[in-house]
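The primary structure of each chain is shown beneath.
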Amino acid sequence: MNQPRIVSLIPSATEIVALLGLTDAIVGRSHECDYPPEIQNLPVCTQPKFNPEGTSSEIHNRVTELLQNALSVYKRPLAKVSGDL
């Protein structure tokens, strides 16, 4: 049977996958995933559409503006994940 290939886009899901012993199956991650340390060199498959720097209020306002325009708050740049997913 083929080894699963996982791109995790939610930090908590990445941690759960790792706790299940499947860290080696993770082939890509979101820009927010940073744990476990073994995944930090994997390709990043998302990035925010807004500047994540600033106060909590400034970030909230940027996210709210995107959502009010029915837009996603993330970009999905082409990841450098090889093979079939």
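Rules used throughout
Residues numbered from 1 in each chain as written. Predicted model: local features only at pLDDT ≥ 70, side-chain atom pairs only at ≥ 80, totals over all residues. Heavy atoms only, no water. Helix = DSSP H or I, 4+ residues; strand = E, 2+ residues; numbered from the N terminus. Contact = heavy atoms within 4.5 Å. Areas by Shrake-Rupley, 256 points an atom, 1.4 Å probe, with all protein chains shown as cover. Buried < 20%, exposed > 50% of the residue type's maximum accessible area, 1.4 Å probe, protein only. Lys, Arg positive; Asp, Glu negative; His and termini not counted. Salt bridge = Lys/Arg side-chain N within 4 Å of Asp/Glu carboxyl O. Pairing = 2+ DSSP bridges. Right-handed = clockwise from strand over helix to strand, strands pointing away.

### Some words on the overall build of the chain
In step 1: Within the chain one finds two helices and four strands.
In step 2: Scanning the chain from its N terminus toward the C terminus, one meets helices and strands in the order β-α-β-β-α-β.
In step 3: The contacts in the chain between residues at least 6 apart in sequence include a share of 34% that link residues at least 24 apart.
In step 4: A total accessible area of about 6200 Å² is found for the chain, and carbon and sulfur atoms account for 53% of it.

### Some words on the side chain of R29
In step 1: With respect to the helices, strands and loops of the structure, R29 is situated in strand β2 (residues 26-29).
In step 2: We note that R29 is buried and unpaired, the nearest opposite charge coming from D34 at a distance of 7.2 Å.
In step 3: Each residue touching R29, except ones within four places of it in the same chain, is listed here: V7, S8, L9, I39, Q40, L42, P43, V44, C45 and T46.

### A few points about the pairing of β2
In step 1: For strand β1 (residues 6-8) and β2, the ladder comprises three bridges, and the chain directions are parallel. Pairing of I6 across the sheet is with I26, part of β2.
In step 2: Handedness of the β1-helix α1 (residues 11-19)-β2 crossover: right-handed.

### Structural notes on unusual backbone geometry
In step 1: Going from Y35 to P36, the amide bond is cis rather than trans, its omega being 0 degrees.
In step 2: Within the element layout of this structure, P36 appears in the loop between β2 and β3 (47-48).

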